[in-house]
Amino acid sequence: PTASVPPTRGCGACAQRLVLEVLTDDFPFDTSWAIDHVDPSYGCVVTTANATGAFADAQTLYEVVVSETICAGETYVFTIADWYGDGLCCDHGDGWYRLTLGDRVIAEGGDFGADEQTEFTGAPEQQPPTPVPSAGATASPAPTPAPTAGA
């Protein structure tokens, strides 16, 4: 008998854009973020990134492209943290954050204490539409009549 290997789940397209917007509070340097790819499939681009101390100016809106290689169907964990433990809002300014994948909001907030985690999955790949025959179309051409004898 021959042992068969179970199929390996393949990786979908890895071209989704993940963007983080942050409006900093009065102490921007204590805000950090991280993204981790959970159990990546074979062949996937492994996405792991983080930034500590990336925000320098208080009450300033930042836009960070976290990744342009989020993979369809793959799971990720995003963490935003505040070293002081008071989040982005509301004791020292009215900061907030928003994480978007394409045009879909994955997470947003500001009043989170020391940290906040969000697990999300890359959007599934879109399949091309199946063509639909137009009205009145025939599935096959009409048969050619058989030749007649003596003609």
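A quick note: this is a predicted structure, and the numbers were derived from the prediction, not measured.

Q: I keep staring at unusual backbone geometry and nothing clicks. Help me out?
A: Peptide bonds are, in most cases, trans, and in most cases residues other than glycine have a negative phi. Non-glycine residue aspartate 39 carries a positive phi angle of around 45 degrees. Along the chain, the position of aspartate 39 falls in the loop between β2 (31–38) and β3 (49–52). When its relative accessible area of 62% is taken as the criterion, aspartate 39 is described as exposed. Residue glutamine 59 is not a glycine yet carries a positive backbone phi of 50 degrees. Looking at the element boundaries, glutamine 59 is found in the loop between β3 and β4 (61–70). Overall, the relative accessible area of 38% leaves glutamine 59 in the partly exposed class.

Q: I would appreciate a short explanation of the sheet that holds β2 in the present structure.
A: Within a sheet, each strand pairs with its neighbour through backbone hydrogen bonds, oriented either parallel or antiparallel. What the 4 strands build is an open sheet, ordered β3-β2-β5-β10; its pairing is antiparallel. Strand pairing shows two members of the sheet lacking a second neighbour, β3 and β10 (115–121), which therefore form its edges. The sheet shows a mean angle of 15 degrees between the axes of neighbouring strands, direction not considered. The sheet contact formed by β2 and β3 spans 4 bridges and is antiparallel.

Q: What am I meant to see in the pairing of strand β8 (residues 96–101) here?
A: Within a regular strand, side chains alternate between the sheet's two faces. Where strand β1 (residues 16–23) meets β8, 6 bridges bridge the pair, whose relative direction is antiparallel. When the bridges of β8 are listed, glutamate 21 appears paired with arginine 98. Here 5 bridges tie β8 to strand β9 (residues 104–109), and the two strands are oriented antiparallel to one another. What sits directly across from leucine 101, in β9, is arginine 104. The antiparallel pairing of β8 with β9 creates a hairpin that spans 2 residues between the two strands, and glycine 102 there sits at a positive phi of about 65 degrees.

Q: Looking at this structure, how should I read the packing of aromatic side chains?
A: Under the defined criterion, the tally for this structure stands at 5 aromatic pairs. Their ring planes at 20 degrees and their centres at 5.5 Å tell us that tyrosine 76 and phenylalanine 120 sit as a pair that is stacked. Of this pair, tyrosine 76 sits in strand β5 (residues 75–82) while phenylalanine 120 is found in strand β10, placing the two residues 44 residues apart along the sequence. Residue tyrosine 76 shares its accessibility class with phenylalanine 120, and that shared class is buried. Each member of the aromatic cluster is reached from another via a ring pair, and the members are Phe78, Tyr97 and Phe112.

What counts, and where the lines are drawn
Residues numbered from 1 in each chain as written. Predicted model: local features only at pLDDT ≥ 70, side-chain atom pairs only at ≥ 80, totals over all residues. Heavy atoms only, no water. Helix = DSSP H or I, 4+ residues; strand = E, 2+ residues; numbered from the N terminus. Buried < 20%, exposed > 50% of the residue type's maximum accessible area, 1.4 Å probe, protein only. Pairing = 2+ DSSP bridges. Axes fitted to C-alpha atoms, helices over the stretch in contact; angles between N-to-C directions. Phe/Tyr/Trp six-rings, centres within 6.5 Å; stacked < 30°, edge-to-face > 60°.

Bear in mind that shape data such as this cannot, by itself, settle questions of function.
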